Amino acid sequence: MKDPGIFYFSSTGNSLYIAKRLQRRLGGCVRYIPTYDGDGSEFARIVLVTPVYSFGMPSPVLDLLQRLVSDAPIVVVQNYGGWMGGADRLIYEYATAASLHVVSVYAMKMPENYTLFMSPPAFYRNRILKRADARIDRIAQDIAAERYRIPARKRTNERRYLINKANWHLIGDRLSATDQCVRCGKCVSICPARNIELRDDGKIVFGDACIACLGCFHRCPRHAIVYRNKDNKKRYVNPNVDEREIGADL
């Protein structure tokens, strides 16, 4: 098998961790989807690593599917914190509707990072992380051996996904920075939607293009970004990645 192009979207490191471990097993290069401006035609094989958002996929992943023109075999590796809800079948249907050659969709559980309202206990998160390597390695072995799996025909939650996606921008309206903010500008630089502005008066302003990745919420070094003015301390960054690599090409 020729070395693949491994594309990922990650706000807190889960998909990055998967992509890096797949790279060690399969070779190839890792590309961060929001900064990739190509069409995939330079790769003989593509591996797409993505979290599940609202029973579907993040906006940058959907945008990439609509932009790819490659006829290369595409393998999708999804990770989810709660419930897949047919997300595997949905991404397969969206990709095939875009005339892409999807040969397999794998899924694996990773720690939940949508913690605005609740957060799983630490022991549960750690148990999931301990099991992750074995699952990633099995997926890598299947990819290398071309043991593919297409999701069975089943009901998806496309309607709920589209409704939620249309309302993701509201999360930005509900985020704000407390007086713990030191105006470091990190939230501005890591936002994949370029939705955050540090004004000349020092005020952090959130626009109306939020894609609900919550990278700013989780990765603010002072935990100064809050939701609905509540100081929720339940942040998460995958402990097995160098946070500085989130958003990088490798």
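Residues numbered from 1 in each chain as written. Predicted model: local features only at pLDDT ≥ 70, side-chain atom pairs only at ≥ 80, totals over all residues. Heavy atoms only, no water.

## As for the overall build of the protein
Summing up its helical and strand segments, the protein has eight helices and nine strands in all. Against the globule reference of 18 Å for 250 residues, the protein gives a C-alpha radius of gyration of 18 Å, in line with a compact fold. In terms of overall dimensions, the protein has C-alpha extents of about 55 × 35 × 35 Å along its principal axes. Put simply, the protein has 250 residues, and 50% of those count as buried. If you take every contact in the protein between residues at least 6 apart in sequence, the share linking residues at least 24 apart comes to 77%. A total of about 12000 Å² of accessible surface is found on the protein, and carbon and sulfur atoms cover 46% of it. (Helix = DSSP H or I, 4+ residues; strand = E, 2+ residues; numbered from the N terminus. Rg over C-alpha atoms; globule rule 2.2 N^0.38 Å. Buried < 20%, exposed > 50% of the residue type's maximum accessible area, 1.4 Å probe, protein only. Contact = heavy atoms within 4.5 Å. Areas by Shrake-Rupley, 256 points an atom, 1.4 Å probe, with all protein chains shown as cover.)

## A closer look at a nonpolar patch on the surface
Together, Tyr114, Phe117 and Met118 make up a nonpolar patch on the protein surface, roughly 360 Å² of accessible area in all. Turning to its location among the elements, Phe117 is positioned in the loop between strand 5 (101-109) and helix 4 (122-144). (Patch = residues over 30% accessible without salt bridge, like charges linked within 9 Å, V, L, I, M, F, W, Y side chains within 5 Å. Salt bridge = Lys/Arg side-chain N within 4 Å of Asp/Glu carboxyl O.)

## What to know about empty space enclosed by the protein
In this structure the tally under the stated criterion is four cavities of 30 Å³ or more. Approximately 120 Å³ is the volume attributed to the largest cavity. Residue lining of the largest cavity: 15 residues in total, with Cys191, Ile196, Cys210, Cys213 and Cys216 positioned closest to the centre. Classifying every residue of the lining of the largest cavity gives 13 nonpolar, two polar and no charged. Approximately 100 Å³ is the volume found for the second largest cavity. Lining of the second largest cavity is provided by 14 residues; of these, Cys181, Cys184, Cys187, Cys220 and Ile225 occupy positions nearest its centre. Of the residues that constitute the lining of the second largest cavity, the class distribution is 10 nonpolar, one polar and three charged. (1 Å grid on protein atoms, 1.4 Å probe; cavity = no way out; pocket = protein on both sides within 12 Å on 5 of 7 lines; lining within 4 Å. Points joined across faces, edges and corners; volume = space filled by probe spheres on them. Nonpolar A, V, L, I, M, F, W, Y, C, P; charged D, E, K, R; others polar.)

## Topic: the environment of Lys203
Along the polypeptide, Lys203 turns up in the loop between strand 7 (196-198) and strand 8 (204-206). Placed 26 residues apart in sequence, Lys203 and Ala177 show a C-alpha to C-alpha distance of 8.3 Å. Once you skip the residues sitting within four places of it in the chain, Lys203 turns out to touch Glu197 and Leu198.

Shape is all these values report; function is a separate question.
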